[in-house]
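Analysis of the macromolecular model
The lines below spell out each chain.
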Amino acid sequence: MKSINDVSFSGRKVLLRVDFNVPVDENKNITDDTRIREAMPTIDKLLGDGAALIIMAHFGRPKKGGFEADLSLKPVADYLSRILDKKVVFTQSLDFGEISSLASALKPGDVMMLENIRFYPEETKGDEAFARKLSQLGDCYVNDAFGAAHREHASTATIARFFPNDRYFGLLMENEVRNLNKLMQNPQRPFTAIIGGSKISSKIDVIKNLLPLVDNLVIGGGMSYTFAKAEGKAIGRSICEDDKMDIALELKAAAKAKGVNLYLPVDIVAGDSFSNDCNVKYCPQVDIPDGWEGMDAGEKTVKLFTDVIMNSKTILWNGPVGVFEFETFAKGTDAIAKAVAEATDKGAFSAVGGGDSVSAVNKSGFAERISYISTGGGAMLEFLEGKVLPGIKAIMD
Ligand code: AMP
């Protein structure tokens, strides 16, 4: 893999695809700039060489085709301009004539950012003619958008065809691939995967792919209720995918057959409605009365999971173990973040991915103590499922 660090981009116009799909509040203030900060080493290297940058990124999921004020990248371009302390030429227009003339006027060290690339319907179709038009704006291609690497889109994959000798991974991409390979190839043991989140359906393939690799599988959060119900336990009105109960039992049997220790919640903090200020009931077993729903891991569960984590040498965490967005139900997820940080202090290699788990470690202040935080939710999951990501393949081919 040719690293951008081995190449000089002096005097070149670099088409740089990044993942700046950051969360914003109702006033368009960026509430978590992790993805922007993580792309800075690549941006600094390219600008330091004396390149001009043409940054391509998407924001949200435009549906209409064309400009949508709510999904404009303008606030992100302004933010980038502030942290770079230089002007970012933002091409508000979607017209390629205008964009091309702005691109041709770029001087070494200049930064230009295109409007939300998904305003063009051709982007998500991976359209070749559109990718060619994009490619003509610059003279080489760097992909640093790990978070979009599982998409076979024009700016993440197709465009690479037009730069057979001049396409590179950015430093963030390189780092993601190196760390994920470290997890999947020859991990230090015991290897523990903690999988949480709302639904089992989105994590089945990951669990299947991880089972031959891990020593311990910890399942928490909303998805654990599908396991609990399948085992005949009372779950009240907790989130559950009834049509996935068979799969839950299959995964349980597969873990047993492979000698993987499977840990599920043993006690629950429940609420009588899905809100922060609902009434709260502690259920000492997974036996939730009617009218109540499981919202967080109980203290016995936290202790059980923490002990497993503290005895691990490799830890992968994807998905919260409770509705951590509500302060009342964030204790379990906070405790997991703390345990992962403490195990890392003791020498374990830890990887955290998935937007929610990443914001949980950021919120709890443990991010600095995690070995590696992935910027890709879906991309990380697909990598862990064993799939070849189109954004990675396009550079490697
Ligand atoms: P995912 O995107 O599948 O990783 O799920 C993340 C979401 O799972 C977060 O928004 C959590 O609030 C949610 N979640 C975690 N535990 C529960 C639960 N017990 N009931 C409902 N949602 C949950």
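Definitions and limits used
- Residues numbered from 1 in each chain as written.
- Predicted model: local features only at pLDDT ≥ 70, side-chain atom pairs only at ≥ 80, totals over all residues.
- Heavy atoms only, no water.
- Core = buried A, V, L, I, M, F, W, Y, C linked by side-chain atoms within 4.5 Å.
- Buried < 20%, exposed > 50% of the residue type's maximum accessible area, 1.4 Å probe, protein only.
- Domains from an automatic or database assignment.
- Contact = heavy atoms within 4.5 Å.
- Buried area = accessible area lost by both parts, 1.4 Å probe.
- Salt bridge = Lys/Arg side-chain N within 4 Å of Asp/Glu carboxyl O.
- Helix = DSSP H or I, 4+ residues; strand = E, 2+ residues; numbered from the N terminus.
- Polar contact = N/O pair within 3.5 Å; in protein donor to acceptor, adjacent residues only side chain to side chain.

**A look at the nonpolar core**
Buried together is how nonpolar side chains tend to be arranged in soluble globular proteins. Residues Leu114, Leu134, Leu137, Phe146, Leu183, Leu210 and Leu316 are the most contacted members of the largest nonpolar core, which totals 63 residues. When we break this core down by domain, the ones giving at least three residues each are domain 1 (4-176) and domain 2 (187-384). For Leu316, the contacting residues outside a window of four places in its chain are Leu183, Phe191, Thr192, Ala193, Ile194, Leu210, Ala351, Met380 and Leu384. Phe20, Ile43, Ala77 and Leu171 belong to the second largest nonpolar core, which has 34 residues in total.

**Considerations on the domain arrangement of the chain**
Under the domain assignment, the chain is made up of domain 1 (4-176) and domain 2 (187-384). Opposite the eleven residues of domain 1 that make contact, domain 2 presents twelve residues. For the pair domain 1 and domain 2, the two sides together bury roughly 890 Å², of which 53% comes from carbon and sulfur. When the area that domain 1 buries against domain 2 is broken down by residue, the three leading residues are Phe146, His150 and Glu176, summing to 55%. Applying the counting rule to domain 1 against domain 2 returns zero salt bridges.

**Points about the environment of Ser238**
Take Ser238: it is sitting in the loop between helix H8 (224-230) and helix H9 (245-257). Looking at Ser238, the relative accessible area reads 8%, which means it is buried. Placed 36 residues apart in sequence, Ser238 and Phe274 show a C-alpha to C-alpha distance of 9.8 Å. Not counting chain neighbours up to four residues away, the residues in contact with Ser238 comprise Tyr225, Ile288, Trp292, Glu293 and Gly294. One polar contact links the side chain of Ser238 to the main-chain amide nitrogen of Gly294, over a distance of 2.9 Å.

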